[in-house]
Amino acid sequence: MPQILIIDDNTAVATALDVLFSLHDIDTRHATSPDQGLAMLAEHEFDLVLQDMNFTADTTSGEEGQDLFRRIRQAHPDLPVILLTAWTHLDSAVELVKAGASDYLAKPWDDGRLLTTVNNLLELAEARRELARRRAREQRQQQALHDRYDLRGLVFADPSSERIIALACQVARSELPVLITGPNGAGKEKIAEIIQANSAHKKGPFVALNCGAIPSELIEAELFGTEAGAYTGANKAREGKFEAADGGTLFLDEIGNLSLTGQMKLLRVLETGRFERLGSNRERQVKVRVVSATNADLPAMIRAGSFREDLYYRLNTVELSLPPLAERREDILPLAQYFLADGKPLSAPALQALQRHNWPGNVRELRNVIQRAALLAQGPRIEVADLNLPRAPARPTAAADEPDREHIVSALERAGGVIAQAAAELGLSRQALYRRMDRHGIPRE
């Protein structure tokens, strides 16, 4: 049962409130002075405070209420506080609301409005507590990953990142090929490094090849090596990436750029561990864990005939789909702080700008933005202008604080469909979120 602390020197007020709330399954406790109220808050956990603005006879300035509110806020920064005020010090109550009070009600109050306000605040407080519990649980899970596995210094905080990393660590000790999908710059190579670092071959080499950065006619030579005279300009024998990665991991980025001939040879190596250098008939045997990555739609390439279906199923025995940075919002600020190292701090508006940006270039873009801003910033802090981000499209003033359909759906997805958590993230009560879901045609599941 929710519990409310009433701080008011008028026992008649406390009695009336106790009767009203008891009819709605809300328990109340009563303090007759600020000091007694603060002592009770220190000893017991309350869900909400209703406080008067004056406690001394013939005093109407509201200064006692202001002082009490500030002391409550200092000791309990997240506790909802409703001010009970007379018209003579309404301005003081308005100022306190601007300073963080939840609401104010004039005496005599309207029971219906008071109950609505209290119920909304209790629901929002519970949602915030649930959100805090969820975040604490996620932090424990992330710390457990750091303690158990070698994460190669990866910085992350978003639950979607944690799920991908946990799965990567889980499959690391197997010998199965892994396909990492996701947009450019999202961190696919770092996931491959984590797989290598936690595998049975962690002491072996980690060799990376970007198939998209090498001309198609040279990719096979890079993969399998060449004998002297294999083609014009091949003056001496050279080992390929498979030989260099023997006993370790070969990371093939942009695997969709591999030619069909190269795909056929790669499939044979994956199945037998054997290959020939270009210009040689002698087979060589290697033991290599292949981790590949792509930002391409490989099933579409299969339908178009530019990627082998049998190779696709051989590569993605385990598929890890890495979301873009825009879908891992909780990673943005920790990554920004990491890229700053010991550089200038970010101002509060700059932090907000980083959160609002969509990051089409993902982690690579974020790193470049932060490093450039740290170099060019003239003041003691990095400001919004130093980030040089494109200006976000303006939203209508009337809807400046109103979440749109996209924001509501995203919040529901991050909360796993838990209405209270999504409402807390959006700064709404559950009823308010339900109303907006109905307005936007979002089904209640």
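In this report, the structure presented in the accompanying data block is examined.

Conventions used here
- Residues numbered from 1 in each chain as written.
- Predicted model: local features only at pLDDT ≥ 70, side-chain atom pairs only at ≥ 80, totals over all residues.
- Heavy atoms only, no water.
- Helix = DSSP H or I, 4+ residues; strand = E, 2+ residues; numbered from the N terminus.
- Rg over C-alpha atoms; globule rule 2.2 N^0.38 Å.
- Buried < 20%, exposed > 50% of the residue type's maximum accessible area, 1.4 Å probe, protein only.
- Contact = heavy atoms within 4.5 Å.
- Core = buried A, V, L, I, M, F, W, Y, C linked by side-chain atoms within 4.5 Å.
- Pairing = 2+ DSSP bridges.
- Axes fitted to C-alpha atoms, helices over the stretch in contact; angles between N-to-C directions.
- Parallel < 35°, antiparallel > 145°, perpendicular 65-115°, else oblique.
- Left-handed = near helix turned anticlockwise from the far one by under 90°.
- Nonpolar A, V, L, I, M, F, W, Y, C, P; charged D, E, K, R; others polar.

**Some points on the overall build of the protein chain**
When its secondary structure is counted, the protein chain shows 19 helices and twelve strands. Over its C-alpha trace the protein chain gives a radius of gyration of 31 Å, far above what one expects of a compact globule, namely 22 Å for 445 residues. Within the protein chain, the proportion of its 445 residues that are buried is 46%. Long-range pairs, those at least 24 residues apart, make up 66% of the contacts in the protein chain between residues at least 6 apart in sequence.

**Side note on the nonpolar core**
The tendency in soluble globular proteins is for nonpolar side chains to be buried side by side. Counting residues in hydrophobic clusters, the biggest one holds 28 residues, and the most contacted among them are L223, F242, L252, I255, L266 and F307. Sorting elements by how many residues they give to this core places helix α10 (residues 260–272) first, with four residues. Here L223 is in contact with L209, G240, K241, F242, L250, L252 and L258, once residues within four sequence places are set aside. Counting 24 residues, the second-largest nonpolar core is a separate cluster that includes I164, A168, V178 and A186.

**Observations regarding the pairing of strand β4 (residues 81–85)**
For a regular strand, the rule is simple: side chains alternate between the two faces of the sheet. With five of five residues buried, β4 is to be regarded as a mostly interior element. Burial along β4 is two-sided: the face carrying V81, L83 and T85 and the face carrying I82 and L84 are both buried. Sheet topology places strand β3 (residues 48–52) next to β4; four bridges connect them, and they run parallel. Residue pairing in the sheet places V49 in a bridge with V81 of β4. In the sheet, β4 pairs with strand β5 (residues 103–106) via four bridges, with the strands oriented parallel. Following the sheet pairing, L84 is matched in β5 by L105.

**Points about the packing of helix α1 (residues 11–22) against helix α5 (residues 111–148)**
Packing of α1 against α5 leaves a shortest axis separation of 11 Å and a crossing angle of 65°. Between α1 and α5, the crossing angle belongs to the class labelled roughly perpendicular. Viewed along their axes, α1 and α5 form a crossing whose handedness is right-handed. When α1 is examined against α5, the residues L17, L20 and F21 are found in contact with a partner set consisting of D111, L114, L115 and V118. In terms of residue class, the contact of α1 with α5 is built from six nonpolar, no polar and one charged.

Purely geometric stuff here, so don't read any function into it on its own.
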